[in-house]
Amino acid sequence: MDKPPVKMMDPTLAEMGNHLSGAMKILESGKLESEQGKERRKLSWKDIPGPLQGDGQDVVSILQLVQNLMHGDDDQQGHRMQYVGEQGHMALLGHSLAAYISVLERERLRKLTTRILSDTTLWLCRLFRYENGSAYYHEDDREGLLKVCRLVINAHYEEYATEGFTVLSSKHPVIYQSAACRPGLGQHLCSQLGLPLSSLCIVPCNTMFGSLHQMDVALLDKLIKDDRESGKVPLLLIANAGTPGAGHTDKLSRLKELCVQYNMWLHVEGVNLATLALGQISSTVTAATKCDSMTLTPGPWLGLPAVPAVTLYRHEDPALSLTAGLTSSQPVEKLRALPLWLSLQYLGHDGIVERIKHASQLSQQLLEHLKTLASIKTSVEDELNSPVVVFRFSQDNSAPSSGGSVEGYFAGERDIIDALNRWLGEQLAQQVPLSGVDVVELEDEGTCVRFSPLMTAAALGTQENDVAALVEKLGEMIPVLCCTLRFRQDFKDEVLQQASLSYIEDLSWPGLGVVRYEPRNTDLDEDKRQQRVEKINSELLNKLMELDTDLEFSCGPEFCEETNCIFIGMATEDLDVSELVETIGSVGRDIEESGKLFENMTEVVRRGIQEAELQLQKANEEKLIEEGVLRQIPLVGSVLNWFSPVQASVKGRTFNLAEGCLDSTEPVYSIKAQMNTEASPDSPKSSTKRFPGQKLFRRHGAGSDSISDTSSVSQLEDSFRETAQVQQVTDVEEAEVPQENPAHIPEDTASSDQRVPEGQETESVDNLR
């Protein structure tokens, strides 16, 4: 028996596949461009559109342009696009094949598209247990529901195709959706269908029994009855199998009974629909297989880029489906299913189920670890089978139980807890990026951290060790959150005791608190005072950021209502709050005093020069009277001084910048002599010493690094005074001014304390003037 001939692959298809595969690998690797090309690109105006070249460009040049636009100037590995994998390459290849197939002759194209569409629809219906269903493939995941609404309108209003919206004026249609649905969905439907917003009915969630994220079925029943009595037509109900926020599932079986009772269409969407492909699923999700339509998003579930969403539906009238746009007679539109058709074949049934099962196991792994952590409360629908895990940090005495509401918070504490949870989610997403966690705002629980591996694990490649790393980081952050929450009130009390500090109440700041230094001089007008406040707080922030401490100081978020403030970050267990506040006030006062000195420096120097001239002139007159006129003559004076030397006493002077006057140097030398005596080997040494490696603002014995009880305030003040511009009498080199020659004064008297040699006073007076 002769064997059937083996058909060879079209060489054009093989060549195209090789080119596409090579191009995608080049774009992902980023190794197409040479070093000279990178330097040339940095100097070029790549963001300015240029003219279209007349002779065209080759493929390599075009790919290089695409690569440059994708990666920009950032050559760091951490900012590169994620690797899509072989199944992703198949999906991307489908888009190119669709363009190639579209040029086939019409009959062959019709047969091919029909086969692709029927295969993909059959596979999806069997995978997700949706019997006798049809499929509509669309790019926007809301487009399928929109087409379903058009189908339902045409089914309820037989004259709608000819009369249009006039038939809706007598009996207004009503679309019902849960309050937990994704925001803007109902408004989008009304906008696209041309319906008023009064046609949209938002059904609240349960407030007494069950999950807070499930639709209130009893209230829905009452709303439908009221609408029917008022002459309205209930059309469609949108339910959730996995709410966008918490991942909870509505009571689909009870909702289906209501829809059958009132002749309504039931549409279901949500991430939990992916679990229909598993062997063991919850009964609440299984009820979704009886609905009239459902929207699936296999792209994020399976890690497939650029594949369409799918809406599965059941309807017996193909004419109405064609009118609503759910089916098309154009073969090219049927090619939307080609990327998904290729990817499903590449993965196979086992590969698809394995990816969904792996994501569900990651959720269970995280949930088991969260049960062992204190101050962490979860909000999951089913602890045994919940693809989405939502958790938040909360105080034990006021935290809600799983699925409960927040009660017992004092005024403002709810906002503080939300801010801390927002910081927690951002830190976890930054430090464990492969976990795919994000921050979600829930109406009842508040700000929470969400882990939804069905939407992220396939694309990120999340594994069990990533979940373990997430739990480890979470365990490290919980003590920081507890300490920060505990020290916030202490920090506020300490700041209120400081006259020069103002406490800024910012409940949205995830940290210890916000403080502002207020100058003590109130004689200035409002504009000058604001300028001084801005300058002092800016310098104070820079000084605090230079300290050797674990605390973080910043100017706050980018879009912050409060200005000229210092935002203090998260606290640790060994934080000394009183020392921190005292340091902030002390450094602020030093900066304020230094600023006042610089502002008055011109007047101080001018008065000091005038006083120095008067004192030096007086000293010269006294010297002339004491020594006589003859000694002032150059030759005669030298001879007289040789025969009869004069024992003249030297009277030193110092110029005090702080007071703007000349002082005697005698007290300075007496203080220095005393200091030298105290610094002798026989004198006792100070016992206050900060050991190496010890951080500031640490309480003694509270942490491993706290090995000394030395106050950091005195240390900071000493370091600040070393760099300050004010020269004090007790810590400045004092200068002596000789008084022998009446025609001379010390050089640079206004700013120098050095000893001036005799015979150089004349030049100094000119410099001062």
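Further up the page is the structure itself.
Residues numbered from 1 in each chain as written. Predicted model: local features only at pLDDT ≥ 70, side-chain atom pairs only at ≥ 80, totals over all residues. Heavy atoms only, no water.

Undergrad: Can you lay out the overall build of the protein for me, pointing to particular residues and giving the numbers?
TA: From N to C terminus, the protein includes 25 helices and 17 strands. Looking at the protein residue by residue over its 769 residues, the buried ones come to 46%. The long-range fraction of contacts in the protein, counting pairs at least 24 apart against all pairs at least 6 apart in sequence, stands at 68%. (Helix = DSSP H or I, 4+ residues; strand = E, 2+ residues; numbered from the N terminus. Buried < 20%, exposed > 50% of the residue type's maximum accessible area, 1.4 Å probe, protein only. Contact = heavy atoms within 4.5 Å.)

Undergrad: Kindly report on the packing of helix H15 (residues 338-370) against helix H18 (residues 464-496), identifying the contributing residues and their values.
TA: Orientation of H15 relative to H18, taken along the N-to-C sense of each, is 25°, at an axis distance of 10 Å. Overall, the two elements H15 and H18 adopt an arrangement that is roughly parallel. Here H15 runs over H18; the crossing is right-handed. Contacts between H15 and H18 involve Leu362, Gln365, Leu366, His369 and Leu370 on the former and, on the latter, Glu464, Val467, Ala468, Leu470, Val471 and Leu474. (Axes fitted to C-alpha atoms, helices over the stretch in contact; angles between N-to-C directions. Parallel < 35°, antiparallel > 145°, perpendicular 65-115°, else oblique. Left-handed = near helix turned anticlockwise from the far one by under 90°.)

Undergrad: Give a description of the environment of Arg516 that names residues and reports values.
TA: With respect to the helices and strands, Arg516 occurs in strand S13 (residues 513-517). With relative accessibility at 15%, the residue Arg516 sits in the buried group. When near neighbours in sequence (up to four residues on either side) are disregarded, Arg516 contacts Ser500, Leu501, Ser502, Ile504, Val533, Asn537, Glu562, Thr563, Asn564 and Cys565. One polar contact links the side chain of Arg516 to the main-chain carbonyl oxygen of Asn564, over a distance of 3.3 Å. (Polar contact = N/O pair within 3.5 Å; in protein donor to acceptor, adjacent residues only side chain to side chain.)

Undergrad: How would you summarise the sheet that holds strand S7 (residues 309-313) if you had to cite specific residues and measurements?
TA: Taking strand neighbours across the sheet as the criterion, the seven strands line up as S1-S7-S6-S5-S4-S2-S3 in an open arrangement whose pairing is mixed. On the outer flanks of this sheet lie strand S1 (134-138) and strand S3 (200-203), each paired with one strand and no other. Neighbour to neighbour, the strand axes of the sheet diverge by 20° on average, direction disregarded. Pairing between strand S5 (residues 265-269) and strand S6 (residues 293-296): three bridges, direction parallel. Across the sheet, Glu269 pairs through a bridge with Thr295, a residue of S6. The sheet contacts of helix H9 (residues 217-229) involve strand S2 (173-178), S3 and strand S4 (233-240), and relative to S2 the element is tilted by about 170°. (Pairing = 2+ DSSP bridges.)

Undergrad: Could you give an account of the side chain of Asp227, naming the residues involved and the relevant values?
TA: Inspection of the secondary structure assignment puts Asp227 in helix H9. Within the buried core, Asp227 has no salt-bridge partner, and the shortest N-O distance to an opposite charge, that of Lys232, equals 4.4 Å. (Lys, Arg positive; Asp, Glu negative; His and termini not counted. Salt bridge = Lys/Arg side-chain N within 4 Å of Asp/Glu carboxyl O.)

Undergrad: Talk me through the packing of aromatic side chains; I want residue IDs and the actual numbers.
TA: One pass over the structure, following the stated rule, counts four aromatic pairs. Over the face of the ring belonging to Phe487 we find Arg486, whose NZ or CZ atom lies 4.9 Å from the ring centre. (Phe/Tyr/Trp six-rings, centres within 6.5 Å; stacked < 30°, edge-to-face > 60°. Lys NZ or Arg CZ within 6 Å of the ring centre and 35° of its normal.)

Undergrad: Lay out the sheet that holds S13 in plain terms, naming residues and giving numbers.
TA: Strand order in this open sheet of four strands is S12-S13-S15-S14, and the pairing throughout is antiparallel. Among the strands making up the open sheet, the edge pair consists of strand S12 (501-504) and strand S14 (553-554). Note: S14 against strand S15 (residues 566-568), two bridges, orientation antiparallel. Of the residues in S15, the one forming a bridge with Ser554 is Phe567. Running over the sheet, H18 touches S12, S13 and S15 and is turned about 145° from S12. Strands in contact with helix H19 (residues 526-545) are S13, S14 and S15; relative to S13, the strand with the most contacts, it is inclined by about 125°.

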